[in-house]
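In case you want the letters, here they are:
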Amino acid sequence: METNITWLWLPTVLFAHAFAGFWLLKTLLLHDPQALSFCWRRRRPVSKSVLKARALQKANEAACAATADVVLHLPKGAGPKAPVIVEGIDQDAEDLDAASLDVEAVPSVDSLYEDVPVPQLAGNMRVEPLTLEWQRLGCSYRAATGTKVVLQDVYGRAAPGEMQALLGPSGAGKSTLMDILAQRKSVGTLSGVLLVGGRPVSRGFIRKTAYVPQDDNFVPTMTTMETMRFYAAIILPDSIGRAGRQQRVEEVLDAVGLGTHHKTLVGGVLPGGLMLRGLSGGERKRLSIAAGILAAPSVVYLDEPTSGLDSFAALTVMGYMKRMARSNGQIVIASIHQPRSAIWSMFDTVSLLSSGRLMYTGPRDGLVQWFASRGYNYDAGLHGVASDWALDLVAIGFHKPKRFYGHTITNKEQLFAASAAFVARYREAAGIKGEPQAPASAGSIAGLSGKLRGAMRRSSAGGSSRAAAAAAAAAAAAAAAGSAASLAPSGASSGSLSSASGGDQLEPAPAPLWATGWWSQYAACLGRELLAVTRNPADVAGRTLTFSWVALLMGLLYFNMPLDASSLRGRLNLLFNGLVFFCLMPYVSMSLYTADKKFYIADASAKLYRAHAYYAAKATATVPFQVLSALIFTFTVYGMAGLRPGAIHILQNGVVTSLLYVIAVQVLHCCAVLAPNQDAAFMLSIMWSTVQLLMSNFFITFNDLRFKWLSFLRWFSALYYAFEGLSRVEFGSAKFDCSGGVDPAGVTFLKQLMPNSKFLNLSAVTNALINPGPDCVADTDALLNYYQFLRPFKTTVAILLGYWGITHLLTYCAMVMVARRERR
Ligand SMILES: Nc1ncnc2c1ncn2[C@@H]1O[C@H](COP(=O)(O)OP(=O)(O)O)[C@@H](O)[C@H]1O
Ligand SMILES: [Mg+2]
């Protein structure tokens, strides 16, 4: 008890500020590289890759501008006979057949994209051409009101090189269908058959596909290039090598027009609410697409790829997808709302859904003819793009002016009749026998994509399931409707189509479930986590500063306590208060934990990486920073308050406080994963914290409990074990000097408190309390006995470590379970 350890706080506080300042400065420079330009004047030269990317971007824009020249405009109130203004083309309205406005005038759109580079596939990457066919797909949910059927009896197919549009009003079931086709659907009762190359879908199919969701799932604090490198490290095979990966990333970024944005932050709302400026909405969408097509998948699913994009950006992106599909033999299936005519003309085939029913599937040109055969007529001059008209036609629940729409679908009966007619024609043409699908009954909820595959395999196809038959069916439907021209998807190149018509000869090679090994995934996730935590000012830097400042305040309150018996109460209070702080502090990061959950669920649905690789990386990236902030707090308070001197005591105190903090963080993380939303997570966490505080043995000792059996709750109180550990470090086998005696004011208080006590009024007793003598020592083991803090320090540490391990295990299991249960 000889050393003065007050000095400990100063280097700790200095280190904390330097450490937090370093990360804050790094983040600031990332936002604004010129932020410190006043320190030096030299401008950084523009790198070669940026110059190259800028040149490519220009070429890209020039090609797209040419397309813009042929966009058609109809003057207000234009009818079929009204003059048509065609920008850039000197042509009379009479020369243009009104019916061909949306289709014929823009087929050259493909040729306009010939100059736009489609990246060559690097190294040994190749696209495996696959044919998809789906039959009798259905999906239903159990709802409070009974079974809710959201998809019923849906058929279709897609061949290599084909771009297919999924059309339908909101809630029609487009995303559901796409989720099923992408093998990402894990909730609801599913039925039907999905065939890949004529065979039941296999486990590795998901590796050959890419799904670009409507909402992206990027870390806002990463740059465009870092984000792409992360995906490249995860989804490109290890064999491609570092250089090959980088080359592919650059090519794809150039292709989607992000070549000049390598160093731009993705941006968005950070967990915690901070808004980070970065890519615009359209650029983020293009980044999603870039990440999706990085691994050259055989099938690319795009959920509303043009929503949120301005029309030029939408055209550029879809133009690229079209060329990519054509050159590489990839299938692109995109759900789309209100495509502009140039985009509509890029689609080879269309599936139209409404209220979960299939209204049409087949060549784009056949859509109008099919409905015409049912008496629903399209007037190009009046109705605009055919897709808009088709959407209007199948939308119900709104008033539809007869003068504008003529004969149209107005209610569910008509809608279901039209759907049944198409499905019957399709089945007949494809030679599919058996009963059409009954509404899926609410059976057990399929919890796994494995279950989905199982269900799909077991489900009867109701006849031969040949891809070519479906093509024939679509063609037959269109032919029956009087269309001679639409026997094949209009846009697909003959090369890729010929392989498509013999689609079932394309044998899918089995793909491994993961593209990369455990370590590659771990390293990529670790890199991403480190960037996420160090660049979010509310995370590492913010927490370090908060810990340091709260520690300074607490240290000032208990500053330099005397090393004698008069400080016993203060010491005990300080130990407890510090531990309470560790239990409560993780609450400020609740939004980080809920954001993590969202991230993981989205990545898990894409089967991006192994759950344990992600979890291990997350723990590796976060635990050291958590321990560091706990130690900063501990050392600052320890020094300022003058707790028990000695390196071993300081170290032991640090071990216990760090353990309690990482436990508290983990419990809150676990609650965030288990709870359906943040409010519920707070409720769960508060229940835990309450048990920690009440069962700490501090406010009421277990011996004083009226209902002794309640003391079993202490097994859940990590705070109790930590308090015991710290008390033993501070007071174990210590002798505190008590020669100063009890404060006279305290003796006076005692006398007033117990006015009838005759002993307290004896001057001998009063003297003994105020002047106990120069050799008075307080044996603090008595204190430990009073609290029943008898466990050896090592046992306490082992218990806390076990507690921490269990919280991790629970979090991991909860995460995996929730990811399976959540909607995908
Ligand atoms: N987990 C679910 N439980 C109940 N109904 C759902 C669930 N997920 C989607 N739905 C319903 O399924 C229907 C189709 O949804 P969705 O496929 O997202 O439509 P779209 O993408 O065409 O707008 C909607 O009515 C939606 O409310
Ligand atoms: Mg949708």
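Keep in mind that what you see is a predicted model, and the values were worked out from it rather than measured.

Draft legend 1. Summary view of the site of ligand 1. If you check the shell around ligand 1, you find twelve residues, and the closest are Gly171, Gly173, Lys174, Ser175 and Thr176. One nitrogen or oxygen atom from the main chain of glycine 171 is found 2.7 Å from an oxygen atom belonging to ligand 1. Alanine 172 is positioned with one of its backbone polar atoms (N or O) 3.2 Å from an oxygen atom of ligand 1. Secondary-structure elements contributing two or more residues to the shell around ligand 1 are strand S4 (146–158) and helix H4 (174–181).

Draft legend 2. Examining the nonpolar core more closely. In terms of nonpolar packing, the biggest core is built from 129 residues, with Leu132, Trp134, Tyr301, Met321, Ile333 and Phe371 touching the most fellow members. Considering each element in turn, this core owes the most residues, nine residues, to helix H8 (residues 311–328). Residues in contact with methionine 321, not counting those within four places in the same chain, are Met163, Ile289, Ile293, Val300, Leu302 and Val332. With 70 residues, the next largest nonpolar core counts Tyr587, Ile663, Ala718 and Ala778 among its residues.

Draft legend 3. Highlighting the side chain of arginine 245. Structurally, the position occupied by arginine 245 is in helix H6 (residues 241–255). Judged by its relative accessible area of 17%, arginine 245 is buried. With residues up to four places along the chain from it excluded, the contact list for arginine 245 reads Ala232, Ala233, Leu236, Pro237, Asp238 and Ile240.

Draft legend 4. Looking closely at the state of the cysteines. Summed over all chains, the structure comprises one disulfide. Free of any disulfide, cysteine 813 has its nearest cysteine sulfur in cysteine 670, 9.0 Å distant. Relative accessible area serves as the criterion here: at 43%, cysteine 813 is assigned to the partly exposed category.

Draft legend 5. Representation of the packing of aromatic side chains within the structure. Per the counting criterion, the structure on display carries 45 aromatic pairs. Measuring from centroid to centroid gives 5.5 Å for phenylalanine 698 and phenylalanine 723, while their planes differ by 75 degrees, and the two rings are edge-to-face. In this pair, phenylalanine 698 is assigned in the loop between helix H24 (678–694) and helix H25 (718–731) and phenylalanine 723 in helix H25, connecting sequence segments 25 residues apart. Like phenylalanine 698, the residue phenylalanine 723 is buried in the burial classification. Relative to tyrosine 721, the ring of tyrosine 720 has its centre 4.9 Å away and its plane inclined at 50 degrees; by these criteria the two rings are tilted. Per residue, the accessibility class of tyrosine 720 equals that of tyrosine 721, and both read buried. Through a chain of ring-to-ring contacts, three or more aromatic side chains come together here, namely Phe576, Phe698, Phe699, Phe702, Tyr720, Tyr721, Phe723, Tyr786, Tyr787 and Phe789.

Draft legend 6. Here's a closer look at helix H7 (residues 281–293). Spanning 13 residues, H7 covers 19 Å between terminal C-alpha atoms, matching the ideal 18 Å at 1.5 Å per step. Within H7, burial applies to Gly282, Glu283, Arg284, Lys285, Arg286, Leu287, Ser288, Ile289, Ala290, Ala291, Gly292 and Ile293. Where H7 is buried, its residues meet strand S8 (209–212), helix H5 (224–235), H6, strand S9 (268–269), strand S11 (299–303) and H8.

Draft legend 7. Fine view of the pairing of S11. The element S11 is extensively covered by neighbouring structure, given that five of its five residues are classed as buried. Two elements, S8 and S11, share four bridges in a ladder whose sense is parallel. Bridge pairing in S11 places valine 212 opposite leucine 302. As paired strands, S11 and strand S12 (residues 331–335) are joined by five bridges and run parallel to one another. For valine 299, the partnering residue across the bridge sits in S12 and is isoleucine 331. Crossover handedness for the path S11 to H8 to S12: right-handed.

Draft legend 8. Focus on unusual backbone geometry. Of note in this structure, lysine 607 is not a glycine but carries a positive phi near 45 degrees. Backbone geometry places serine 733, a non-glycine residue, at a positive phi of 50 degrees. With respect to the secondary-structure elements, serine 733 resides in the loop between H25 and strand S15 (735–737). Assessed through its relative accessible area of 58%, serine 733 is described here as exposed.

Draft legend 9. Structural view of the UniProt feature "transmembrane region" (unreviewed entry) in the protein. According to UniProt, the positions carrying the feature "transmembrane region" (unreviewed entry) are residues 6–25, 540–560, 572–593, 613–638, 650–675, 681–700 and 797–819. Secondary structure over residues 6–25 splits into 85% helix and 0% strand, and the C-alpha atoms at its two ends are 30 Å apart. In the segment residues 540–560, helix accounts for 86% and strand for 0%; the C-alpha atoms at its two ends are 29 Å apart.

Draft legend 10. Quick peek at the packing of helix H22 (residues 611–641) against helix H29 (residues 793–821). Contact geometry of H22 with H29 gives a least axis separation of 11 Å together with a crossing angle of 135 degrees. As the angle between them shows, H22 and H29 are arranged oblique. The handedness of the crossing between H22 and H29 comes out as right-handed. The segment H22 lies against H29, with Ala611, His612, Tyr614, Tyr615, Ala619 and Val623 engaging Trp804, His808, Thr811, Tyr812, Met815 and Val816.

Draft legend 11. Geometry of the pattern of salt bridges. Across all of its chains, the model carries 13 salt bridges by this definition. Between aspartate 539 and arginine 543 there is a salt bridge; the shortest N-O distance is 3.3 Å. Classification of aspartate 539 by relative accessible area gives buried; the value is 7%. We note a salt bridge from lysine 618 to aspartate 596, for which the minimum N-O separation is 2.9 Å. Taken as a pair, lysine 618 in helix H22 and aspartate 596 in helix H21 (residues 590–605) lie far apart in primary sequence, 22 residues in all. Across the pair, exposure class does not vary: lysine 618 and aspartate 596 are buried alike. Bridged by salt links that share partners, the residues Glu529, Asp596 and Lys618 form one connected network.

Draft legend 12. Summary view of the pairing of S4. Bridge count between strand S3 (residues 132–143) and S4: nine bridges; the pairing is antiparallel. By the bridge assignment for S4, tryptophan 134 is matched with glycine 156. Here S3 hands over to S4 after two residues, the two strands then running antiparallel side by side.

Scoring rules and cut-offs
Residues numbered from 1 in each chain as written. Chains lettered and ligands numbered in written order. Predicted model: local features only at pLDDT ≥ 70, side-chain atom pairs only at ≥ 80, totals over all residues. Heavy atoms only, no water. Near = heavy atom within 4 Å. Polar contact = N/O pair within 3.5 Å; in protein donor to acceptor, adjacent residues only side chain to side chain. Helix = DSSP H or I, 4+ residues; strand = E, 2+ residues; numbered from the N terminus. Core = buried A, V, L, I, M, F, W, Y, C linked by side-chain atoms within 4.5 Å. Buried < 20%, exposed > 50% of the residue type's maximum accessible area, 1.4 Å probe, protein only. Contact = heavy atoms within 4.5 Å. Disulfide = S-S within 2.5 Å. Phe/Tyr/Trp six-rings, centres within 6.5 Å; stacked < 30°, edge-to-face > 60°. Expected span 1.5 Å × (residues − 1). Pairing = 2+ DSSP bridges. Right-handed = clockwise from strand over helix to strand, strands pointing away. UniProt positions renumbered as here; feature names shortened; annotations may be inferred. Axes fitted to C-alpha atoms, helices over the stretch in contact; angles between N-to-C directions. Parallel < 35°, antiparallel > 145°, perpendicular 65-115°, else oblique. Left-handed = near helix turned anticlockwise from the far one by under 90°. Salt bridge = Lys/Arg side-chain N within 4 Å of Asp/Glu carboxyl O.

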